[in-house]
Amino acid sequence: MSLKKDKFSIRDKLYMNIAINLATIQKGKTGENPYVGCVVTKNNQIISYGSTQTNGRPHAEVDALKKINFRAKGSTVYLTLEPCTHYGKTPPCVNVLIKSKVKKVIYSINDQDKRTFNKAIKFLRSKKIDTSKGLLSNKASKLYNHYNYAKKNKIPYIIGKLACSKDYKFLYNNTLITNEHSRKVSHLLRYQNQAILTSYKVINSDNPKLTCRLNGLEQFSPIILIIDRDLKVNANSYIFKNKKALNKIIFYNSNNLKKINKVKKLKKVKMIKVDFDKKYNLDLNKLLKKIYSLSIYSVIVECGKELTSKMITNKLFNEFYLFKSEKNFRLVRDNVLSIIKKLNKNFKKKMFVDTYLDKNVLIKYF
């Protein structure tokens, strides 16, 4: 048992827990920016609070300090993540802290963005602001698991999901396998990720919407990423014809100008040409690096058996969700037993997710 004295008080931990809760609420809403929580205190009372807002701006520090007209002289600021020190689309948040004349800054963990990493503490101290880090760092690290992984590895954090019947059968053509409760969890996963990766085969066979359809969260539907080597995607699919069409990126390798020009005319579509090998297979690792370069740090994969199986084999999933219905489809031949075998082999842990799904079951592999 360690006898080392904790440098943070119970009150410090209380305020940081509030900041972490504020950040958690914003998960899925802040785009490429990390979701940060901020609490401002003075004389042992909270005088303001804030969080990173929709699409990443304003940052949490600005959101909180603006509420008190940037008058925070003598205050202590609690942040879940290191305040940024670089100029991006907005000025550095350390400048706002200095301008507001805060007395003390406590943040939980360093920002893995190399432009800021471990720079704030030295900079703020040089401006005579008492600065420390490490408060509830384990809890904050879990909060930023996706973001930290992406920044360290230069590829997005990848989540897979698949639905099957009780007897492990798999259906195409957008046939519903699971119940409404499972589908809501599926939509929650979409909301929590920046992008959704699929293939033209899924678009053509299932004609999916690929949106988040939870009340109040519809605007946070993910960017749609489509693998379509030869530009065979059906231009009349829902994702192209919907009036509220989402942003889409198609990864292709065709030189057919007629097809290219046809796809270019589709609503909210960006085309990116990528390399395939001699067997016309896509290098998935290169694809993930390309996606990361687009400032997309978390992706949920909703595709067919073939691509799912390949990604599991190549150990590209960070976690995987298997939704299992109570129904049996005895007459259906196609099953997911080979995929489940690979999941059990490639993941060290699995757990039954404790959430209400009526007679459905949700297994998480991680």
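The structure we're discussing is the one just above.
Residues numbered from 1 in each chain as written. Predicted model: local features only at pLDDT ≥ 70, side-chain atom pairs only at ≥ 80, totals over all residues. Heavy atoms only, no water.

### Here we look at the packing of aromatic side chains
Here comes step 1: For the structure shown, the criterion picks out 8 aromatic pairs.
Here comes step 2: Aromatic pair Tyr-35 and Tyr-144: ring centres 5.7 Å apart, planes at 25 degrees, arrangement stacked. Of this pair, Tyr-35 sits in the loop between helix H1 (10-25) and strand S1 (37-42) while Tyr-144 sits in the loop between helix H5 (137-143) and helix H6 (145-153), and the two are 109 residues apart along the sequence. Across the pair, Tyr-144 and Tyr-35 agree in class, each one buried.
Here comes step 3: Seen from their ring centres, Tyr-149 and Tyr-157 are 5.7 Å apart, and the 90 degrees between their planes marks the pair as edge-to-face.
Here comes step 4: Three or more aromatic residues joined by ring pairs make a cluster, and in this case those are Tyr-147, Tyr-292 and Tyr-297.
Here comes step 5: Residue placement shows Lys-99 over the ring face of Phe-70; its charged tip is 5.4 Å from the ring centre. (Phe/Tyr/Trp six-rings, centres within 6.5 Å; stacked < 30°, edge-to-face > 60°. Helix = DSSP H or I, 4+ residues; strand = E, 2+ residues; numbered from the N terminus. Buried < 20%, exposed > 50% of the residue type's maximum accessible area, 1.4 Å probe, protein only. Lys NZ or Arg CZ within 6 Å of the ring centre and 35° of its normal.)

### Regarding the pattern of salt bridges
Here comes step 1: Taken as a whole, this structure holds 10 salt bridges when the rule is applied.
Here comes step 2: With a shortest N-O distance of 2.9 Å, Arg-190 and Glu-302 are connected by a salt bridge. Highlighted residues: Arg-190 in helix H7 (residues 180-192) and Glu-302 in the loop between strand S11 (298-301) and helix H12 (305-313), separated in sequence by 112 residues.
Here comes step 3: Several salt bridges converge on common partners, so that one network encompasses Asp-113, Arg-115 and Lys-151. (Salt bridge = Lys/Arg side-chain N within 4 Å of Asp/Glu carboxyl O.)

### Some remarks on the environment of Met-311
Here comes step 1: Here Met-311 lies in helix H12.
Here comes step 2: For Met-311, a relative accessible area of 1% corresponds to the buried category.
Here comes step 3: Taking the C-alpha atoms as reference points, Met-311 and Lys-29, 282 residues apart in sequence, are found 27 Å from one another.
Here comes step 4: Met-311 has contacts with Ile-158, Leu-284, Val-301, Leu-316 and Phe-317, leaving out every residue within four places of it along the chain. (Contact = heavy atoms within 4.5 Å.)

Spatial relationships are all this shows, so hold off on functional conclusions.
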